[in-house]
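# Residue-level structure breakdown
The primary structure of each chain is shown beneath.
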Amino acid sequence: MASKAEDVLKDLKAGKYAPVYFLQGEEPFFIDQISSYIEANALQPHDRGFNQLVVYGKDVSMMDILNNARRFPMMSDRQVVIVKEAQNILNLGREDIDNQLINYLKNPLPSTILVFAHKYKSLDGRKQLSKELDKAAVFVKSEKIKDHLLSGWIESYVKSKGHSIDNPTAVFLAEAIGNNLEVISNEVDKIIINFSSPSAITKELIQKYVGINKEYNNFELTKAIGVRDTLKVNK
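In this report, we go over the structure that sits alongside the text. Bear in mind that the values here come from a model prediction, so they are computed numbers and not experimental data. (Residues numbered from 1 in each chain as written. Predicted model: local features only at pLDDT ≥ 70, side-chain atom pairs only at ≥ 80, totals over all residues. Heavy atoms only, no water.)

### Quick notes on the pattern of salt bridges
Evaluation of the coordinates by the stated rule reveals nine salt bridges. Across the salt bridge formed by Lys58 and Asp59, the nearest N and O atoms sit 3.2 Å from each other. Take Lys58: its relative accessible area is 64%, and that puts it in the exposed class. A relative accessible area of 52% places Asp59 in the exposed class. (Salt bridge = Lys/Arg side-chain N within 4 Å of Asp/Glu carboxyl O. Buried < 20%, exposed > 50% of the residue type's maximum accessible area, 1.4 Å probe, protein only.)

### Overview of the packing of aromatic side chains
Overall, the coordinates contain six aromatic pairs when judged by the stated rule. On the numbers, 5.4 Å between centres and 90° between planes, the contact of Phe29 with Trp153 is edge-to-face. In this pair, Phe29 is assigned in helix α2 (residues 28–41) and Trp153 in helix α7 (residues 150–160), connecting sequence segments 124 residues apart. Given a relative accessible area of 11%, Phe29 falls into the buried group. (Phe/Tyr/Trp six-rings, centres within 6.5 Å; stacked < 30°, edge-to-face > 60°. Helix = DSSP H or I, 4+ residues; strand = E, 2+ residues; numbered from the N terminus.)

### Some words on the sheet that holds strand β4 (residues 112–119)
Spatial ordering of the open sheet is given by β2-β3-β4-β1-β5, a layout of five strands whose pairing is parallel. The open sheet has two free edges, formed respectively by β2 (52–56) and β5 (138–141), since each of these has just one partner strand. Geometrically, the sheet is characterised by an average inter-axis angle of 10° between neighbouring strands, direction not taken into account. In terms of strand pairing, strand β3 (residues 79–84) meets β4 through five bridges, oriented parallel. Bridged to Val81 within β4 is Leu114. (Pairing = 2+ DSSP bridges. Axes fitted to C-alpha atoms, helices over the stretch in contact; angles between N-to-C directions.)

### Description of a nonpolar patch on the surface
A grouping of Phe50, Met74 and Met75 is seen on the molecular surface, where their side chains present a nonpolar patch of about 380 Å² in accessible area. One can find Met74 in the loop between α4 (62–69) and β3. Overall, the relative accessible area of 41% leaves Met74 in the partly exposed class. (Patch = residues over 30% accessible without salt bridge, like charges linked within 9 Å, V, L, I, M, F, W, Y side chains within 5 Å. Areas by Shrake-Rupley, 256 points an atom, 1.4 Å probe, with all protein chains shown as cover.)

### So, the environment of Tyr209
Positionally, Tyr209 belongs in helix α10 (residues 203–209). C-alpha of Tyr209 to C-alpha of Ile192: the two residues are 17 residues apart in sequence and 9.7 Å apart in space.

### Details of the layout of surface pockets
Considering only enclosed or pocket space, the largest pocket measures out at about 870 Å³ in volume. Of all the elements in the fold, those that place two or more residues in the lining of the largest pocket are α1 (5–13), α2, β5, α7 and α9 (181–192). Each residue belonging to the lining of the largest pocket can be placed in one class, and the counts come to ten nonpolar, seven polar and ten charged. There is about 160 Å³ of room inside the second largest pocket. (1 Å grid on protein atoms, 1.4 Å probe; cavity = no way out; pocket = protein on both sides within 12 Å on 5 of 7 lines; lining within 4 Å. Points joined across faces, edges and corners; volume = space filled by probe spheres on them. Nonpolar A, V, L, I, M, F, W, Y, C, P; charged D, E, K, R; others polar.)

### Structural notes on the pairing of strand β1 (residues 20–25)
Of all six residues in β1, six are buried, a share of seventy percent or more. Every second residue of β1 is oriented toward a common face, with Val20, Phe22 and Gln24 on one face and Tyr21, Leu23 and Gly25 on the other, all of them buried. Pairing geometry for β1 and β4, over six bridges, is parallel. Across the sheet, Gln24 pairs through a bridge with His118, a residue of β4. Sheet analysis places β1 next to β5, joined by four bridges and oriented parallel. Of the residues in β5, the one forming a bridge with Gln24 is Lys141.

Dropping the structure here:
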């Protein structure tokens, strides 16, 4: 069964690492969140030069990736191999290429943390690779958050940063920005960098730091349409 992104992050923050992570789906935010955490925290800074490799799918073959994964770390307990844009690995999805990864999954090197960041789409769940990843790896399916759940996600994200936001204000921010978690998180971070202690994010702060016009934004547009205020809708 696929793992939830928040559960994976919780394990990582507790120092629990797995040999293989396959992060896939339409929502890149959670994929980036997990892969970035591993990149920044799995190794001590002085170990990264020899033991951390970051590559891009379009530049490497599956065999290249697995050959690097099978290397032993140098003067360290572990090494990290991160494949960004893994959806661009040549011929991924072809049986012989998939079988290379399936064979590695049967006996992964315990001292390697291998991470695939496969963005914007998912593997074919009917194929053997998906089934093997589900059994033998930390397999995350990163889905877009439904619009009606977006304000709740904003509240949780702000709380995770040590601050607060009430639901109407979270709805206001969601309506103004739309369903883009990367943009929302960046804008929230831009606001809270001004706080020196736990604080509440208000509509006034959003208008000040995010630059949303108080009268003319998606939230007000929706309201104007609802009451059939044609003049304001046109403005």
